[in-house]
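Architecture and fold: a report
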Amino acid sequence: MSESSGAVPLKSSPVPRLAGEITVPGDKSMSHRALILGGLAIGETTVSGLLEGDDVLHTAAAMRAFGARIERGGDGIWRIRGCGVGGLREPANVIEMGNSGTAVRLLMGLAATMDFTTFFAGDASLSARPMGRVLTPLSHMGAHFVSRSGNRLPLAVIGAETPQPVEYRLPVASAQVKSAILLAALNTPGITAVIEDRPTRDHTENMLRLFGLDETVLRVETQGSLRRISLTGPAELHGAHVDVPGDPSSAAFAVVAALLAPEGEVLVRNVALNPLRTGLLQTLSEMGGDIEKCNRRQAGGEEIADLRIRPSALHGVEVPPERAPSMIDEYPILAIAAAAAKGRTRVSGAGELRVKESDRIAAMARGLEACGVAIEECEDGFIIEGCGAASAIPGGGSVTTHMDHRIAMSFLVLGMVAARPVGIDSGAMIATSYPGFVADMNRLGARIAPPGGRA
Ligand code: S3P
């Protein structure tokens, strides 16, 4: 984390065995949406299983700034008293969004059709990320924006006085952009429609239904891989109970660690299995990973299961480009699995990785090179020559994480299974999505600690 102070260097050392059970924290995408929709709804919303990571806490603070009452009960249940879509008030101050691209983009959508001005700011990583992808459709709906060069934060959203509905075909497969438009549509008279060529995670659509929108207001039509989501506004939401299941993107780290460990067996409980989020599990199974889905059930309007993972000899695969939206946050940890596999793994169609919390293609390439793995960087992906087994990965590198939580966790997993320890410059950002990551991994048998310290 060379860009800011407060770095927390960590070292992960190889271990002979990973075994036990963990429950990963609540899904980040669903947690943001539960707070936002709860803050917009009329009446009380209760949320259990909310991810209490920094990104989501920024969303809670932002919704309070718009006027919602949000409290965490001693029982771990979050209670929200929303303002109604038309009842939001102008935030008195700049809203600080920290590291969270999802939260700021969704909230820009919300603010775009409110007749007031909202200011957003973020940390160094978020301030470098492109916002044009949401500014374009929201401008068509009547909002105006003042931003730093390159459409970057800090940024002011001057909400539309008379919001206009749009029909917008997403130029990039992005659930954030889709969701920003749907949130803007709630306060827009008429039919707003979003068309996606490749389906992206549909938590916004699912949760809008949970908050009371029926088929006369929210429609999803599919034609092959094309989806058209339309919302007739203005629409009111009604308070609901949301039970947030475990985040598959957080579970991914324990899953890959358990596959690559020399011995043991790991159970990851309560993992959301929304079909638009399971690309990594599919890819790992194709690579020969032994992952059993047990106790399949429903929670929070989504399918969930417990995952039982056993050490497996993996082989390289070609990951189809059309799978990218369903595993977009999992490519860093897939790269670790690929490094341990026998043969070559090729990823393409994942150019979006270059504009995540860091340029994840470059960050993974530099980190893997530092650990002795051969990786070829492409514009929209990478090719990794696997070492044949995790223990054949030299490791021993010092990795720069670029303030990116998923780069940090991926290389800590590599350190658990490679021949020599792996160091990262900072694990501070892990708190944005998985505050208990180090404790969970160490409970399974990992040895992650500050350099020179004891796990
Ligand atoms: C998210 C969508 C994805 C993902 C992000 C969370 C969401 O981004 O990378 O971590 O909750 O909508 P894009 O929609 O920009 O691909």
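Each residue is numbered by its place in its chain's sequence as written, counting from 1. pLDDT decides what is reported in this predicted model: residues at 70 or higher carry local features, side-chain atom pairs at 80 or more are listed and counted, and totals for whole chains, interfaces and linings draw on all residues regardless. To get the side-chain values, all heavy atoms of the structure are used, and hydrogens and water are removed first.

A pair of aromatic rings is counted whenever rings of Phe, Tyr or Trp (Trp by its six-membered ring) have centres within 6.5 Å, and the orientation is called stacked for planes under 30 degrees apart, edge-to-face for over 60 and tilted otherwise. Summed over all chains, the structure comprises three aromatic pairs. With centroids separated by 6.0 Å and ring planes inclined at 80 degrees, the aromatic side chains of F253 and F437 adopt a geometry described as edge-to-face. Highlighted residues: F253 in helix α8 (residues 248–260) and F437 in helix α13 (residues 437–444), separated in sequence by 184 residues. Relative accessible area decides the class of each residue, using a 1.4 Å probe on protein chains only: under 20% of the type maximum gives buried, over 50% gives exposed, and in between gives partly exposed. The exposure class of F253 is buried, given its relative accessible area of 1%. Measuring from ring centre to ring centre gives 5.4 Å for Y434 and F437, while their planes differ by 75 degrees; the resulting arrangement is edge-to-face. By the criteria applied, helices consist of DSSP H or I runs no shorter than four residues and strands consist of E runs no shorter than two, each listed in order from the N terminus.

Let us look at the site of the ligand. Any residue with a non-hydrogen atom lying within 4 Å of a molecule or strand is treated as near it. For the ligand, the full set of nearby residues is S29, R33, T102, A173, S174, A175, Q176, R201, I328, D329 and K356. Here a polar contact is recorded for every N or O atom pair within 3.5 Å, except that within protein the pair must consist of a potential hydrogen donor and a potential acceptor, and residues adjacent in sequence are included only if both atoms are side-chain atoms. The separation between an oxygen atom of the ligand and a polar side-chain atom of S29 is 2.7 Å. Note that an oxygen atom of the ligand is positioned 2.9 Å from one of the backbone N or O atoms of Q176. Accessible surface is estimated by sampling points in the Shrake-Rupley manner with a 1.4 Å probe; for residues, cover comes only from the protein chains shown. For the ligand, whose accessible area on its own is 380 Å², the fraction buried by protein is 95%. Only protein atoms enter the 1 Å grid used here, on which a cavity is any set of points holding a 1.4 Å probe that cannot leave and a pocket is any open set flanked by protein within 12 Å on both sides along at least five of seven lines; residues with an atom within 4 Å of a point are listed as lining. By definition, a pocket or cavity contains a molecule when more than half of the molecule's atoms lie within 2 Å of the pocket's grid points. The site holding the ligand turns out to be the largest pocket. Of all the secondary structure elements, the ones that give two or more residues to the shell around the ligand are α1 (28–40) and α6 (175–185).

Here we take up the environment of E292. Positionally, E292 belongs in strand β16 (residues 290–299). Distance in space between the C-alpha atoms of E292 and T400 is 34 Å, their sequence separation being 108 residues. Note on definitions: a residue-residue contact is assigned when non-hydrogen atoms from the two residues lie within 4.5 Å. Once you skip the residues sitting within four places of it in the chain, E292 turns out to touch D306, L307, R308 and R310. Only 3.1 Å separates the side chain of E292 from the side chain of R310, close enough to count as a polar contact.

So, on to the domain arrangement of the chain. Throughout the structure description, domain borders are defined by an automatic or database domain assignment. When the domains of the chain are assigned, the result is domain 1 (10–25 + 245–449) and domain 2 (28–233). Using C-alpha coordinates to define each centre, domain 1 is positioned 29 Å away from domain 2. Between domain 1 and domain 2, the residue contacts involve 25 residues of the former and 24 residues of the latter. Using a 1.4 Å probe, buried area is obtained as the accessible area two parts lose upon being combined, added over both of them. Contact with domain 2 buries area across many residues of domain 1, yet L276, P325 and T432 alone supply 24% of it, more than any other trio. The term salt bridge refers to a pairing of a side-chain nitrogen on Lys or Arg with a carboxyl oxygen on Asp or Glu at a separation within 4 Å. Where domain 1 meets domain 2, there are three salt bridges.

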